Amino acid sequence: MTGLPLLLLLLILWLLTPVTAKKIQTICPLKIYVKFRGQWEFYRPGDLIIGGNLPLMTFVESRAPDFQKDPSHFINDITLLLKKYHQFLALMFAVMEVNKDLLLLPNITLGFRIYENQKMERKIFLYSLSLLSTRGQMVPGYKCGRKDPLLSVIGGHNSESSRQMASIFSIYKVPQLGVGSESTQEDRRVHPSFFRINPKESAQYEGLVHLLLHFQWNWVGLVANQDDSGEHFISSLLPMLKEKEICLVFTQIMKFDFYTDPGTKLHHLFNTWSKAEVIIFLGDYSATTNMWIVVFVYETQSNTFMKMWIFTSSWKFNVINSGDILLFMETYHGALHFREHTRDVSEFSHFLMSLDPLKPQGDFFLPVWWQLIFGCKLQKLRVIFEKWEKLCTGEENLQSLPAYLFETTMTGESYNIYNAIYAVAQALHVIYGSGARPAMMRLGKRILDVPPWLLLPYLRNIQFNNTAGDEIYFSENRLGSARYDLFNWVLLPNQSFVAVKVGQIDPTAPAGQDFTINSNAIVWAKKKVPFARCGMKRCQAGERKSVPEGEEVCCYQCAPCPEGTISNQTDSANCDPCPEDRYSNMDKDHCIAKKIHFLTYQETLGYILVTLAFSLSVITSAVLVIFHKHRDTPIVKANNRDLTYLLLVSLLLCFLCSFLFIGQPGKLTCLLRQTAFAILFSIAVSSVLAKTVMVVLAFMATKPGNKARKLLGKPLINSIVLVCPLVQTVLCIVWLVTSPPFPNMDFDSLVAETILECNEGSTLIFYAVLAYLGFLALVSFTVAFLARKLPDSFNEAKFITFSMLVFCSVWISFLPTYLSTKGKFMVAVEIFSILSSGASLLVCIFFPKCYIILLRPHLNCRENIMRHKNV
């Protein structure tokens, strides 16, 4: 019975539940449908929406505003940019391709909402807010009924428009993929959801510098648009040009004001642009239009404006209709154009061929674009036709259109959009396969609400290969690819205007291959490579650049390379020194190996010295034989036979040591030749000194009461002969121990030859050895000079005096001559000094005795000697 009251209580409580506790159905109170005036939109529904905020049209202003009327009244013409529609088609195609791939996003369908902003700031902001709202409403971030969930946005035709959009989408953390300039860390912090899809500009600037260097253009003009991209272009390029010594004739900022004093401004532009043969141009469609005006007016007043144009990737060859190009294509004949790298996506061409303006399938842009590009009218858009108007059949062939109007392959901008869509899809695929997906996805339901901010970390780390085989990834919130293609615009005889690929920039390629160009494929406007240089003369090999004071570095003159340096390139900034073993040729364009320079036996000088040394050695040997054969004769015995033998042997060895100086110096010969010469000559001079002293003491011994006889004998002679050479020997030993001579190669003394010489090691000891020899010779000369008039029939003092005079004269003249010569001539001077000084001793001391011994033997007797002593 207790259960019945409990059931009744529960029934009462259920009936009394307050209204506020009941489930309230979600309603959308805002029902205001926003219709934009002149809005062009292409919408295709999907589970998730890819937004597009792109330009297809632009306004042309007729006159400057005077701030008295509505500014919109000054815009009187809207023109359609034919090639811009390519980007719309790329976005549509990429979304359709993703939806076909069941493995990439299974059970998920992407849709898109594409707005055409007409390059107007007001509409860029307006459409950005519209993408954040429910379709037909204008409440950003407020979704009624969870319709049209925005996943990502493709938009921004330049840095300024991208920044305008980023200021809105970064608030809601919606990934925006668009064109932007080089972003800093601060930019990424302010706009964390912005991803740039255009390549890195710095690679293009490096390619531009490579191009100028390839054709050796160092005197060029620069024209840039007055906006952020133009300022960034100039600030980035100028240091690179300065580093490579490329000068600018002028730097023109594209700020045109033709409404006030147009004649003066155009005249100024004519004078400025005419100064350069090569002009680098950076600018968008508006800048290009202004440039067309300048060139067109110039050509109507003067000759054809035949300049070499180099266009950056921001320059787009957009035309309003097919007739416009005929006015300007001759001006651009031969121009070089850097374009963003692209790959062929075959399915995209098939997609373009399937376009049917009669069945646009919701594409509002297609019929309008079709009429303009083919110059016809669609019947569905116009009921009444003029007789002269051409009717569109819808079967017109896009492949028949010239490339400057429309390309049936991926352009660089379209390729970037294509990769951006796939990057979003790949990021969504990673989210779908990871644990980070929302609860609704884990329950197996279709994706109806994926917060856009969830894609941001996955986009930054995404990496995949697209259908064309290129690796796609984001680095620092931008696509990692930085490749550019170089095209040459050519006007063919049939009036067709085509772009021919002639080069490529790929920073990922190995060094030296990052910039490639086919110069032979380039068609030049003036039939030859332009000469864009400050000076008319280029520095050839063997010359270097010399910049006059006050001139630009490009306006240099040419100066010959100094001796010993070369330059083997044109316009070399410096002359490179030759290696030590080489020297520069007459033209100073390459180095020649130096000849090894030393005194050889085969050359004339060596042959003469060898003959002279050998002859003196033979003569000395003959004298020694003569004296030995007549050793018992009075003339030999009267002058100390042992000293005579020692002197002759030392002279013979001195003559023979000359051979150590001839030939290629080696380690052993360098050690022996100076020391052997010094010791042998010290023995010879000591022997002469001993003979001189002996003559003086012998005369003094004849005086009554003189005790000099006690000093005579072998002890005195032996002490002089042993002690004097011993001092020299000690000096030579110290020399060899502390700093011995060694073979050395002197590369600097002679221009074309390398001197192979013996470095004396310690120069101080070398001159000490010579000074000691000079000291001994001076002492011998002094003693002999004082004893020259002593009465002795065989008095050698006169002969010794004269021989030592010659000896000292030879070695006094040796020093300055030795120091002023180099190489083998220095060696020859020393050999000649050795031979001449030794020959003086041999001739002066021994030839008179040999004359008596051989030709006057009757004088070589004791009676003759005694008779002269008694005189």
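Note that the structure is predicted; figures quoted are calculated from it, not measured. (Residues numbered from 1 in each chain as written. Predicted model: local features only at pLDDT ≥ 70, side-chain atom pairs only at ≥ 80, totals over all residues. Heavy atoms only, no water.)

Which parts of the structure should I look at to understand the overall build of the chain?
Within the chain, the regular secondary structure consists of 24 helices and 27 strands. Burial statistics for the chain: of 871 residues in total, 49% are counted as buried. When the accessible area of the chain is evaluated, it comes to approximately 43100 Å², of which 60% is carbon and sulfur surface. (Helix = DSSP H or I, 4+ residues; strand = E, 2+ residues; numbered from the N terminus. Buried < 20%, exposed > 50% of the residue type's maximum accessible area, 1.4 Å probe, protein only. Areas by Shrake-Rupley, 256 points an atom, 1.4 Å probe, with all protein chains shown as cover.)

Sorry if this is basic, but what is going on with the sheet that holds strand 9 (residues 219–225) here?
Sheet strands pair via backbone hydrogen bonds, and the direction of the pair is either parallel or antiparallel. Within the open sheet, the 8 strands sit side by side as 10-9-11-12-13-16-17-18. Their pairing is mixed. Only two strands of the sheet have a single partner each, and these edge strands are strand 10 (247–254) and strand 18 (515–517). Averaged over all pairs of adjacent strands, the angle between strand axes in this sheet comes to 25 degrees, irrespective of strand direction. Pairing geometry for strand 13 (residues 336–340) and strand 16 (residues 484–491), over 5 bridges, is antiparallel. Considered in strand 16, the bridge of Arg339 is made with Asp485. (Pairing = 2+ DSSP bridges. Axes fitted to C-alpha atoms, helices over the stretch in contact; angles between N-to-C directions.)

Teacher, can you tell me more about the environment of Ser809 here?
Topologically, Ser809 is positioned in helix 22 (residues 797–820). Along the chain, Ser809 and Ser833 lie 24 residues apart, while their C-alpha atoms are 9.9 Å from each other.

Please explain the packing of aromatic side chains as it appears in this structure.
Working definition: an aromatic ring pair is given by the centre-to-centre distance plus the angle between the planes. In total, this model carries 34 aromatic pairs according to the counting rule given. Ring pairs connect the aromatic residues Tyr85, Phe88, Phe364, Phe365, Trp369, Trp370, Phe374 and Phe406, which therefore count as one cluster. A cation sits over an aromatic face here: Arg339 above Phe487, 4.9 Å from the ring centre. (Phe/Tyr/Trp six-rings, centres within 6.5 Å; stacked < 30°, edge-to-face > 60°. Lys NZ or Arg CZ within 6 Å of the ring centre and 35° of its normal.)

Mind showing me how you'd approach the sheet that holds strand 7 (residues 176–178) here?
The sheet built from 6 strands is open, its strands ordered 1-5-2-6-7-8 with mixed pairing. Pairing within the sheet leaves two strands with one partner each, and these edge strands are strand 1 (41–44) and strand 8 (194–196). For this sheet the average axis-to-axis angle between neighbouring strands, irrespective of direction, equals 20 degrees. Bridge analysis of strand 7 against strand 8 gives 3 bridges, and the strand direction is parallel. Residue pairing for strand 8: Gln176 is matched across the bridge by Phe194. Each of strand 1, strand 2 (48–54), strand 5 (110–116) and strand 6 (150–155) is contacted by helix 2 (residues 85–100), which is oriented at about 170 degrees to strand 5, the strand it contacts most. (Contact = heavy atoms within 4.5 Å.)

Quick question: what am I supposed to make of empty space enclosed by the protein here?
To find leftover empty space, a probe the size of one water molecule is rolled over the atoms. Taken as a whole and judged by the stated rule, the model has 5 cavities of 30 Å³ or more. A volume near 580 Å³ is recorded for the largest cavity. Every residue lining the largest cavity is counted, 40 residues in all, and those nearest its centre are His157, Asn158, Val179, Ser314 and Lys316. Listed by contribution, the elements that provide at least two residues to the lining of the largest cavity are strand 6, strand 7, helix 6 (201–214), helix 7 (228–243) and helix 13 (412–432). Among the residues forming the lining of the largest cavity, the class breakdown is 12 nonpolar, 20 polar and 8 charged. (1 Å grid on protein atoms, 1.4 Å probe; cavity = no way out; pocket = protein on both sides within 12 Å on 5 of 7 lines; lining within 4 Å. Points joined across faces, edges and corners; volume = space filled by probe spheres on them. Nonpolar A, V, L, I, M, F, W, Y, C, P; charged D, E, K, R; others polar.)

I tried to follow the packing of helix 16 (residues 604–629) against helix 18 (residues 641–657) on my own but got confused; where do I start?
Relative orientation and spacing of two packed helices are given, respectively, by the angle between their axes and the distance between those axes. One can describe the packing of helix 16 onto helix 18 by two numbers: an axis separation of 8 Å at closest approach and a directional angle of 165 degrees. Compared by their axis directions, helix 16 and helix 18 come out roughly antiparallel. Regarding helix 16 and helix 18, the two cross each other, and that crossing is left-handed. Contact with helix 16, carried on its side by Ala613, Leu616, Ser617, Thr620, Ser621, Val623, Leu624, Phe627 and His628, involves Thr644, Tyr645, Leu648, Val649, Leu651, Leu652, Phe655 and Leu656 of helix 18 and no other residues of that element. Along the lines of polarity and charge, the residues of the contact of helix 16 with helix 18 split into 12 nonpolar, 5 polar and no charged. (Parallel < 35°, antiparallel > 145°, perpendicular 65-115°, else oblique. Left-handed = near helix turned anticlockwise from the far one by under 90°.)

What is the right way to read the nonpolar core from this model?
Nonpolar side chains in soluble globular proteins tend to end up buried together. Trp273 and Trp309 are the most contacted members of the largest nonpolar core, which has 93 residues in total. In terms of nonpolar packing, the next biggest core, distinct from the first, is built from 69 residues, Ala678, Ile720, Ala777 and Met826 among them. (Core = buried A, V, L, I, M, F, W, Y, C linked by side-chain atoms within 4.5 Å.)

Got a minute to help me understand the state of the cysteines in this structure?
Cysteine pairs can be linked by a disulfide, which is a covalent bond between their two sulfur atoms. Taken as a whole, this structure holds 7 disulfides when the rule is applied. A sulfur-sulfur separation of 2.1 Å characterises the disulfide bridge that pairs Cys247 with Cys554. Here the S-S torsion is close to 95 degrees, and the disulfide linking Cys247 with Cys554 is therefore right-handed. On the criterion of sequence distance, the pair formed by Cys247 in strand 10 and Cys554 in the loop between strand 19 (543–546) and strand 20 (557–560) is long-range, its members being 307 residues apart. Cys247 gets classed as buried once you look at its relative accessible area, which sits at 5%. Classification of Cys554 as buried rests on a relative accessible area of 2%. Here Cys376 pairs with Cys392 through a disulfide, and the sulfurs are 1.7 Å apart. Between Cys376 and Cys392, the S-S torsion sits near 100 degrees, and that sign places the bridge as right-handed. A residue pair is termed long-range when its members are at least 10 positions apart, and Cys376 in the loop between helix 12 (365–374) and helix 13 and Cys392 in the loop between helix 12 and helix 13 qualify at 16 residues. Each of the two residues, Cys376 as well as Cys392, counts as buried. (Disulfide = S-S within 2.5 Å.)

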